[in-house]
There are 2 protein chains.
Amino acid sequence: MTLEQYGQGAKAASYILAQASPSQKNQALAEAARILKEETQSILDANDRDLARAKEKGMTEAMQDRLRLTEARIEGIAEGVRQVIELADPIGEIVEGTKRPNGLEIIKKRVPLGVLGIIYEARPNVTADAAALSIKSGNVCILRGGSEAIHSNLAISKVFRKALACAGLPEDCVQLIEDTSHETAQGLMRMNAYVDELIPIGGARLIQTVIQQATVPVIQTGTGNCHIYVDAYAQLPMALEIVDNAKTQRPSVCNAAETLLVHQDVAEAFLPQVATLLLSKNVELRVCEKTAAILKGAGIDTFVMASEEDWATEYNNLILTVGVVDSLWAAIDHVRKYSTHHSEAIVTENYGHARAFQEAVDASCVYVNASTRFTDGFEFGFGAEIGISNQKLHARGPMGLKELTTYKYLINGNGQIR
Amino acid sequence: MTLEQYGQGAKAASYILAQASPSQKNQALAEAARILKEETQSILDANDRDLARAKEKGMTEAMQDRLRLTEARIEGIAEGVRQVIELADPIGEIVEGTKRPNGLEIIKKRVPLGVLGIIYEARPNVTADAAALSIKSGNVCILRGGSEAIHSNLAISKVFRKALACAGLPEDCVQLIEDTSHETAQGLMRMNAYVDELIPIGGARLIQTVIQQATVPVIQTGTGNCHIYVDAYAQLPMALEIVDNAKTQRPSVCNAAETLLVHQDVAEAFLPQVATLLLSKNVELRVCEKTAAILKGAGIDTFVMASEEDWATEYNNLILTVGVVDSLWAAIDHVRKYSTHHSEAIVTENYGHARAFQEAVDASCVYVNASTRFTDGFEFGFGAEIGISNQKLHARGPMGLKELTTYKYLINGNGQIR
């Protein structure tokens, strides 16, 4: 199949899916959950083929684990699909409406985006998550997964296509590009005639490639160089819990903290405490000179000096850069310089400092006295999410079903002319 | 000045402008309107230099007219700036908010996009319009106008910079790139570190260039291949007025109609009427075979046959393609094939047809029984607009002040961790 054919099929299917009733879309999702269970063995067989090739190619054990499906993981995927059924259908909502002086009635109505191009890497569960969220939001998706997971992805996408047919919807509402060459990804990124939005899901390199090469509008997701600033007016026990949680509860995710900034007035009291706790959890500390001096003074020398690059790095790992700042505004300036506009936090009891930080820091989510780990569709009450946007156009922060929609104006007249 | 310096200046200014109060921004606009009047002569002198070069280069009289400023036109520009003062300030609105089960308070707040890159062509009034809308919406703008209008643009941008300083705001809230080489436009399009959104304003070629080359997110504006479908159930006198208005009231704009589709049941009654009226207004008709036969039968032979390309063309001129269709769905299919997703209209008294057309046609504005000419910020009640978006990401249709904003989440806790 050519890319053009995928595009044409997607566009044709999008007209039908956009008009489907909430119950018809939910039926497709229920069928998908059922068939995922029914086809567990064939999905596992396909996954075995991917894993065999991964071993041959010497893929790391950690990467193999991301690729691996098990009966329990497939049940988890099916449960995720069932949860999407329970979410409110965003399509058809009347967002607002007015009657103009000339009698024209202008109605702003929520509609699907149309066709989503989703480019992702080795995790086969993305196939199911993206397909389920697309169907529920009335969007057709063209999936372009990585070659490592192609057999698993195909098996899962076939489940969704079968489910769509069972519900009387076009199979082409979910399409997976079988050819995983570089050319198909590039072609998809420039298929403006058929694709309304591109969502890359994966590492920073994938996302940068898509931003550099795409002509289709892109949602930039996922890079989180998140900071926690412990103000002079912080409750230190609370700050300790927040830093610990934001760094260690799940270090591999984008809303984990990467840098700790501490006001100099509380640095001597706080830094030895937090260093001791984090070191006990195997966190590597990369520190500024003032931090180094304070830690040494407290008899702690298990740290390295931070390089300029460290401050700009999203580790996604048990590493934390630590710096001392001499004022709230020095903290804000540091965050402005290195932030990826994802999630930033201040710990303080000072009303003015809390407000100033929230106003001045340019990020999708700015926290006072809470862990950055809450930047997440479920935690926000949106349900499942397609990703966390860290651009400002269209959607910011967790992207749930609503963020996969647009609107159109319906204008009702009785002969109005200008 | 290097592009990097424009970018740095813009980013620094954006932090200050984002926090400016509504009255401070309005003060800057009032000063700008005042100084525009004060500096009328120096602006006219600058414009004369542009016009002299334009004549030398053999610019068409129509293009010279778009470039030309007069005392009255400058007063019109100043009046436009004063009108922006009267619009509601969009910044700081709490869009929604929730309290989560764990006590976290999540507040979604409207904030400026940050830095807008605006790339435009020969009309110097865009400099003032874009600067005024940017300031009011809390956004810094980097303007990159065409070389033809550089002296006029510089004179107008200086007025705004002076006005900003008078209001205690950074001059760099409005920047005009003086070097109008191809390289500066290209550089601006890829300046992701400093520019949050690109808005090209101008012809289809300019917009396509920006889409092809930009890595900064783009709002695609302005291309309107708009259709009017006269259904079998139309009131023909109303249809006649709507077609006339949509085609002839201002043919050069993007919301003017370019194609008329008529249901075969009313084609013999309607086509000779509409052709006679439009021909009397010097509209050229490019028609399908059925239309040709009907017009000939009525003794009208002032038309040409439409080519495949004609159906896809936005003329922005007194030319109309005319086709006969055999059903509502044939009309919808035609529109789906050729639409630029801008503004589309049906004329009908049939409830089901009206609804089906509005649902099935994928455009920012879908009209029943009204002229497509209403797709406009003022007509929608938004006030001045920066353009009409015909993409689906971020904003669709007329882009007023709200569409130049994004949001951030402010999250207030008391020690929440996951």
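Bear in mind that the values here come from a model prediction, so they are computed numbers and not experimental data.

So, how was this worked out
- Residues numbered from 1 in each chain as written.
- Chains lettered and ligands numbered in written order.
- Predicted model: local features only at pLDDT ≥ 70, side-chain atom pairs only at ≥ 80, totals over all residues.
- Helix = DSSP H or I, 4+ residues; strand = E, 2+ residues; numbered from the N terminus.
- Buried ≥ 20, exposed ≤ 12 C-beta atoms within 10 Å, placed from the backbone.
- Arc of directions from axis to C-beta.
- Contact = placed C-beta atoms within 7 Å.
- Pairing = 2+ DSSP bridges.
- Axes fitted to C-alpha atoms, helices over the stretch in contact; angles between N-to-C directions.
- Parallel < 35°, antiparallel > 145°, perpendicular 65-115°, else oblique.
- Nonpolar A, V, L, I, M, F, W, Y, C, P; charged D, E, K, R; others polar.
- Right-handed = clockwise from strand over helix to strand, strands pointing away.
- Expected span 1.5 Å × (residues − 1).
- Domains from an automatic or database assignment.
- Least-squares fit on C-alpha atoms with pLDDT ≥ 70 in both.
- pLDDT = per-residue confidence, 0-100.

**Considerations on the overall build of chain A**
Now for step 1: Along chain A, the regular secondary structure elements total 15 helices and 16 strands.
Now for step 2: C-alpha atoms of chain A, sized along the principal axes, occupy 70 × 70 × 35 Å.
Now for step 3: A buried classification covers 54% of the 418 residues belonging to chain A.

**Details of helix α15 (residues 351-360) of chain B**
Now for step 1: Taken together, the buried positions of α15(B) are B:His353, B:Ala354, B:Phe357 and B:Gln358. All buried residues of α15(B) project into a common sector of 125° when viewed along the axis, lining one side. Turned more than 90 degrees from where α15(B) packs its buried face, B:Tyr351 and B:Gly352 sit exposed.
Now for step 2: As for α15(B), its buried residues are in contact with β16 (405-416) of chain A together with β7 (226-230), α14 (328-338), β12 (343-347) and β13 (365-370) of chain B.

**Section: the interface of chain A and chain B**
Now for step 1: Across the contact, 55 residues belong to chain A and 55 residues belong to chain B.
Now for step 2: The set of elements that each furnish at least two residues to the side of chain A that touches chain B consists of α1 (3-19), α9 (204-213), α10 (236-248), α15 (351-360), β13 (365-370) and β16 of chain A.

**Notes on the sheet that holds strand β10 (residues 304-305) of chain B**
Now for step 1: Read from one edge to the other, the open sheet built from 10 strands follows the order β1(A)-β2(A)-β16(A)-β13(B)-β12(B)-β7(B)-β8(B)-β11(B)-β9(B)-β10(B), with strand pairing classed as mixed. Of all strands in the sheet, those bounded by a partner on one side alone are β1 (94-99) of chain A together with β10 of chain B.
Now for step 2: Pairing of strand β2 (residues 105-112) of chain A with β16(A) involves eight bridges; the strand directions are antiparallel. In the strand pairing of β16(A), A:Ile106 is matched with A:Ile411.

**Some details on the sheet that holds strand β6 (residues 197-201) of chain A**
Residues and elements named next belong to chain A.
Now for step 1: The four strands lie next to each other as β5-β4-β3-β6, forming an open sheet whose pairing is parallel. Single-partner strands in this sheet number two, and they are β5 (174-176) and β6. Across the sheet, the mean angle separating the axes of adjacent strands is 20° when strand polarity is ignored.
Now for step 2: One ladder, built from five bridges, connects strand β3 (residues 115-120) with β6; its direction is parallel. Bridge pairing in β6 links Ile118 to Ile199.
Now for step 3: Across the sheet, helix α7 (residues 150-166) is in contact with β4 (140-144) and β5; its angle to β5 comes to roughly 155°.

**Side note on the packing of helix α2 (residues 22-38) of chain B against helix α5 (residues 71-86) of chain B**
Residues and elements named next belong to chain B.
Now for step 1: Running from N to C, α2 and α5 cross one another at 170°; their axes reach a closest spacing of 9 Å. For the element pair α2 / α5, the angle class is roughly antiparallel. Seen from α2, the contacting residues are Asn26, Leu29, Ala30, Ala32, Ala33, Leu36 and Lys37; seen from α5, they are Ile74, Ile77, Ala78, Val81, Arg82, Val84 and Ile85.
Now for step 2: Residue classes in the contact of α2 with α5 are distributed as 11 nonpolar, one polar and two charged.

**A few points about the pairing of strand β3 (residues 115-120) of chain B**
Residues and elements named next belong to chain B.
Now for step 1: Counted residue by residue, β3 has six buried out of six residues, so it is predominantly covered.
Now for step 2: Both β3 and strand β4 (residues 140-144) contribute to a ladder of five bridges, which runs parallel. For Gly117, the partnering residue across the bridge sits in β4 and is Ile142.
Now for step 3: Note that the unit made of β3, helix α6 (residues 125-136) and β4 has a crossover that is right-handed.

**With respect to α5(B)**
Now for step 1: With 16 residues, α5(B) ought to run about 22 Å at 1.5 Å a step, and its terminal C-alpha atoms sit 23 Å apart, in line with that.
Now for step 2: Contacts from the buried residues of α5(B) go to α2, α3 (40-56) and α6 of chain B.

**Observations regarding the domain arrangement of chain A**
It is common to report an interface's size as the accessible area lost on association of the parts.
Residues and elements named next belong to chain A.
Now for step 1: Parsing chain A into structural domains produces domain 1 (3-221 + 394-412) and domain 2 (226-378).
Now for step 2: The C-alpha centroid of domain 2 is placed 35 Å from the C-alpha centroid of domain 1.
Now for step 3: Grouping the constituent residues of the side of domain 1 that touches domain 2 by class yields one nonpolar, two polar and one charged.

**Details of the relation of the copies chain A and chain B**
Now for step 1: Note on the identical chains: chain A maps onto chain B by a rotation of 180° and an axial translation of 0.0 Å, with an RMSD of 0.0 Å. A rotation of that kind, with that shift, is consistent with a two-fold axis. Closest approach to the rotation axis within chain A is made by the C-alpha atom of A:His394, at a distance of 1.8 Å.
Now for step 2: Of all interface residues in chain A, 100% are interface residues in chain B too; the two copies therefore contact each other through one and the same surface.

**Some details on the environment of B:Lys136**
Now for step 1: Relative to the helices and strands, B:Lys136 is located in helix α6.
Now for step 2: In sequence terms B:Lys136 and B:Leu401 are 265 residues apart; their C-alpha atoms lie 7.6 Å from each other.

**Considering the confidence of the model for chain A**
Now for step 1: Predicted confidence across chain A gives a mean pLDDT of 96, with 100% of residues reaching 70 or more.
Now for step 2: Overall fold confidence for the complex sits at a pTM of 0.95, while the interface term, ipTM, reaches 0.95.

**Regarding the pairing of strand β8 (residues 257-263) of chain A**
Residues and elements named next belong to chain A.
Now for step 1: For β8, a buried count of seven out of seven residues is recorded, marking the element as mostly surrounded by other parts of the structure.
Now for step 2: As defined by bridge partners, strand β7 (residues 226-230) adjoins β8 across five bridges and the pair is classed as parallel. By the bridge assignment for β8, Ile228 is matched with Leu260.
Now for step 3: In this view, the connection linking β7 to its parallel neighbour β8 by way of α10 has right-handed handedness.
Now for step 4: Of the pairings in the sheet, the one linking β8 to strand β11 (residues 319-325) comprises five bridges and is parallel in character. By the bridge assignment, Leu261 is partnered in β11 with Gly323.

**Points about unusual backbone geometry**
Residue and element names in this part refer to chain A.
Now for step 1: Phi at Asn282 takes a positive value of approximately 65°, unusual for a residue other than glycine.
Now for step 2: With 8 C-beta atoms counted inside 10 Å, the residue Asn282 sits in the exposed group.
Now for step 3: The phi torsion at His341 lies on the positive side, around 65°, for a residue other than glycine.
Now for step 4: Residue class for His341 comes out buried when judged on the 25 C-beta atoms lying within 10 Å of it.

**Side note on the environment of B:Ser389**
Residues and elements named next belong to chain B.
Now for step 1: Here Ser389 lies in strand β14 (residues 387-389).
Now for step 2: It is 29 Å that separates the C-alpha atoms of Ser389 and Ala155, two residues lying 234 residues apart in sequence.
Now for step 3: When residues no more than four places from it in sequence are discounted, the contact partners of Ser389 are Ile219, Gln220, Thr221, Ser364, Ala395, Arg396, Gly397 and Met399.

**Some thoughts on the environment of A:Ala384**
Residues and elements named next belong to chain A.
Now for step 1: Relative to the helices and strands, Ala384 is located in the loop between β13 and β14 (387-389).
Now for step 2: Under the C-beta neighbour-count criterion, Ala384 is labelled partly exposed, with 18 such atoms within 10 Å.
Now for step 3: What Ala384 contacts, discounting residues up to four positions off in sequence, is Gly80, Gln83, Val84, Asp129, Leu133 and Gly377.

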